[in-house]
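Close look at the chain arrangement
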Amino acid sequence: MLYSKIFGKTQKETKKYEAKNQELLTKAGFIDQLASGIYTLLPLGKRVLTKIENIIRQEMEKIGAQEIEMPLLHPKILWEKTQRWDSVDVLFKTKSQYHQEYALAPTHEETVTPLMKKILKSGKDLPIALYHITKKFRDEPRPKSGILRGREFGMKDLYSFHKDKDDLHQYYQKVIDAYLNVFYRCGLKEIKITEASGGSFTKKFSHEFNVLTNAGEVDLIYCNSCSFAQNEEVATKKQNDPCPKCQTPLKKGKAIEVGNIFDLETRFSQAFDLKFIDDDGQEKYVVMGCYGIGTTRLIGAIVEVYHDEKGIIWPEEVSPYQVHLVGLNLNERKIKEKCYNYYQRLNKEGIEVLFDDRENVSSGEKLVDSDLIGIPYRLVISKKTKENVEVKKREENKSKIVSLEEAIKLFKK
Ligand code: ATP
Ligand code: MG
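Residues numbered from 1 in each chain as written. Chains lettered and ligands numbered in written order. Predicted model: local features only at pLDDT ≥ 70, side-chain atom pairs only at ≥ 80, totals over all residues. Heavy atoms only, no water.

**Looking at the sheet that holds strand E19 (residues 323–327)**
Note the cut-off: Note on pairing: DSSP must find at least two bridges between two strands before they are called paired. Numbering of helices and strands runs from the N terminus, with a helix taken as a DSSP run of H or I at least four residues long and a strand as a DSSP run of E at least two residues long. To define axes, lines are fitted to C-alpha atoms, for helices over the stretch in contact only, and angles between the resulting N-to-C directions are given on a 0 to 180 degree scale.
Spatial ordering of the open sheet is given by E20-E19-E21-E22-E23, a layout of 5 strands whose pairing is mixed. Lying at the two open borders of the sheet, with one neighbouring strand each, are strand E20 (353–356) and strand E23 (399–403). Recorded for the sheet is a direction-independent mean angle of 25 degrees between the axes of neighbouring strands. Pairing geometry for E19 and E20, over 4 bridges, is parallel. Residue Leu325 lies in a different strand from E20, and its bridge partner there is Phe355.

This is the structure in structure tokens:
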């Protein structure tokens, strides 16, 4: 991609933002705020989201989940059946001019359960796991923290259907591992899992996946040496207590919740009369689990964890491009030619490259922009680099000069 052509470039403005993720993503040209809690993803931001979504797809496939896409307009009757039309405070409600009322989907139990009731023919088909990756709407009282809390946001939600609790619990464990893989591949290597009572959507037990960062809203009591963590709201331990697993003094810190999984038991299958005939000839309610990942929140969480005073530092698997090729001294015909040839070469090799081909921008400005955008590798071609290219990792200060071919070897998968 030629940077001169990209829609949504870096911004020089010095406006103050509440949240670092909003500031950096806006200034670097990844997002645009339409209104409080409502954002457009510009081409760079959309590329990051697509990468995250594809990581999730791969990890969902591995645990046998099938992708579908459910509607976002939910007839009121479905939400009345679960008694959630009036009880969910963040529910957006809308009226059609033809006298129908709808909820704008904040979650999808109300559609996935009747769907399963229509399509499930026999208990022999269980277990089944379905997921989709779409928008959600929640009338959040105070959307703040940039894209960490939106009124419209991206989510992957998975629903699993089982004959009994044991089977659900086995699958639940597999989802925990799949989630840890997703977050690991997104660069979030240290996830603290907490067990909680379930929030506004269900009373059954649940687990939350938290990323430690001061930008978070969740207060955690956690251990630095092992996996122990508790949400402070329900914690039985406090800061400096010995860890119940390994005796290390416990710490207290803020975190962002990036995923949340719930045991729904038969709450929704009862509401929609979703049953199967078991081997013993008895009719039983299907046991359900649900599992969410905030996809757009994940982008914000990654930025909160991976940035410095110059800008974003994208982990490799979610970076919008693999390399940022920066052409300096492009007013010299030979250098310009070399840059364009190399850009084409990188494309041919299947290396995802953003090429700063702008001619009316100073060298200093280009390097500043490159740091702000945060692609993990920068390649500079200039008068100084002669027949070679200067390679620098975003998070390191030192660079090295290598031949054009050597650089290609570095990035070819
Ligand atoms: P929170 O506790 O942060 O309000 P939640 O527990 O209500 O979220 P779930 O219903 O479990 O959220 O949704 C699954 C995931 O979707 C959450 O773990 C979070 O990553 C994401 N998410 C929830 N609400 C929002 C929001 N308003 N904006 C962005 N992402 C969100
Ligand atoms: Mg939650």
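**Description of the coordination of the magnesium ion (ligand 2)**
What counts is decided by this rule: Distances decide who is a donor: an N, O or S atom must be within 2.8 Å of the metal, or within 3.2 Å for Na, K and Ca. Water is not included, so sites may look incomplete. Classification of residues uses two cut-offs on accessible area relative to the type maximum, computed with a 1.4 Å probe and protein chains only: under 20% is buried, over 50% is exposed, and between them is partly exposed.
The magnesium ion (ligand 2) binds to the protein through Glu257 (OE), Glu257 (OE) and Asn260 (OD1), with metal-donor distances spanning 2.2 to 2.5 Å. Looking at Glu257, the relative accessible area reads 22%, which means it is partly exposed.

**Observations regarding the sheet that holds strand E4 (residues 73–75)**
The strand order across the open sheet built from 3 strands is E4-E6-E5, with neighbouring strands paired in antiparallel fashion. This sheet does not close on itself; its edge strands, each paired only once, are E4 and strand E5 (92–95). Across the sheet, the mean angle from the axis of one strand to that of its neighbour is 40 degrees, orientation sign disregarded.

**Overview of the site of ligand 1**
Here is the rule we go by: In this text, near means that some heavy atom of the residue lies within 4 Å of the molecule or strand in question. Two N or O atoms form a polar contact when they lie within 3.5 Å of each other; inside protein one atom must be a possible hydrogen donor and the other a possible acceptor, and for residues adjacent in sequence the pair counts only when both atoms belong to side chains. The Shrake-Rupley method, run with a 1.4 Å probe sphere, supplies the accessible areas, and residue values consider only the shown protein chains as cover.
In the vicinity of ligand 1 lie 15 residues, with Arg138, Glu140, Arg149, Gly150 and Glu257 positioned nearest. Within the side chain of Glu140, a nitrogen or oxygen atom sits 2.8 Å from a nitrogen atom of ligand 1. A distance of 3.3 Å separates an oxygen atom of ligand 1 from a polar atom in the backbone of Gly294. Expressed as a share of its isolated accessible area of 590 Å², the protein-covered part of ligand 1 is 87%.

**What about the domain arrangement of the chain?**
Short version of the rule: Domain start and stop positions are those given by an automatic or database domain assignment. Contacts between residues were defined by any pair of non-hydrogen atoms, one from each residue, lying within 4.5 Å. Buried area is understood as the total, over both parts, of accessible area removed when two parts are fitted together, assessed with a 1.4 Å probe.
When its domains are assigned, the chain resolves into domain 1 (3–308) and domain 2 (321–412). Taking only C-alpha atoms into account, the centre of domain 1 sits 38 Å from that of domain 2. On the domain 2 side, the residues contacting the 13 residues of domain 1 number 12 residues. Carbon and sulfur atoms supply 59% of the area buried between domain 1 and domain 2, which totals about 1200 Å² over both sides.

**Here we look at helix H5 (residues 165–185)**
Our working definition: How far a helix is expected to stretch is found by multiplying one less than its residue total by 1.5 Å.
Its 21 residues place the ends of H5 30 Å apart at the C-alpha level, agreeing with the 30 Å of an ideal helix rising 1.5 Å per residue. Every buried residue of H5 is listed here: Leu168, Tyr171, Tyr172, Val175, Ile176, Ala178, Tyr179, Val182 and Phe183. Here H5 starts with a cap whose side-chain oxygen sits 3.3 Å from the backbone nitrogen of Asp166, and that cap is Asp164. Looking one or two residues beyond H5, the residue adopting positive phi is Gly187, at roughly 95 degrees.

**Structural notes on the packing of helix H8 (residues 333–348) against helix H10 (residues 404–411)**
This is how the line gets drawn: Roughly parallel covers angles under 35 degrees, roughly antiparallel covers those over 145, roughly perpendicular covers 65 to 115, and oblique covers all other angles. Crossing handedness follows the turn of the near helix against the far one: under a right angle anticlockwise gives a left-handed crossing, and clockwise gives a right-handed one. Ten residues, namely Ala, Val, Leu, Ile, Met, Phe, Trp, Tyr, Cys and Pro, are considered nonpolar, four, namely Asp, Glu, Lys and Arg, are considered charged, and the remaining ones, Gly among them, are considered polar.
Interhelical geometry of H8 versus H10 gives an angle of 30 degrees and a closest axis separation of 11 Å. Between H8 and H10, the interaxial angle falls into the category roughly parallel. For H8 against H10, the interelement crossing comes out right-handed. Only Leu404, Glu405, Ala407 and Ile408 of H10 make contact with H8, whose side of the interface consists of Tyr342, Arg345 and Leu346. Of the residues contributing to the contact of H8 with H10, the split by class is 5 nonpolar, no polar and 2 charged.

**Overview of the packing of aromatic side chains**
Applicable threshold: Centre distance within 6.5 Å is the pairing criterion for rings of Phe, Tyr and Trp, where only the six-membered ring of Trp is used; planes under 30 degrees apart are then read as stacked, over 60 as edge-to-face, and the remainder as tilted. Whether a charge sits over a ring depends on NZ of Lys or CZ of Arg being within 6 Å of the ring centre and within 35 degrees of the ring normal.
Applying the stated criterion across every chain, the model contains 9 aromatic pairs. Arranged with centres 5.3 Å apart and planes meeting at 35 degrees, the rings of Phe30 and Trp314 form a pair that is tilted. Remark: Trp314 occurs in the loop between strand E18 (311–312) and E19 and Phe30 occurs in the loop between helix H1 (20–27) and strand E1 (31–35); sequence separation between them is 284 residues. Just as Phe30 is buried, Trp314 falls in that class too. Judged by centre distance (6.0 Å) and plane angle (85 degrees), the rings of Tyr179 and Phe183 are edge-to-face. Taken together, the residues span about one helical turn, with Tyr179 and Phe183 both in helix H5 at a distance of 4 residues. Each residue in the set Tyr171, Tyr172 and Tyr291 is aromatic and connected to the rest through ring pairs, giving one cluster. Cation over ring: Lys189 sits above Tyr184, and NZ or CZ is 4.9 Å from the ring centre.

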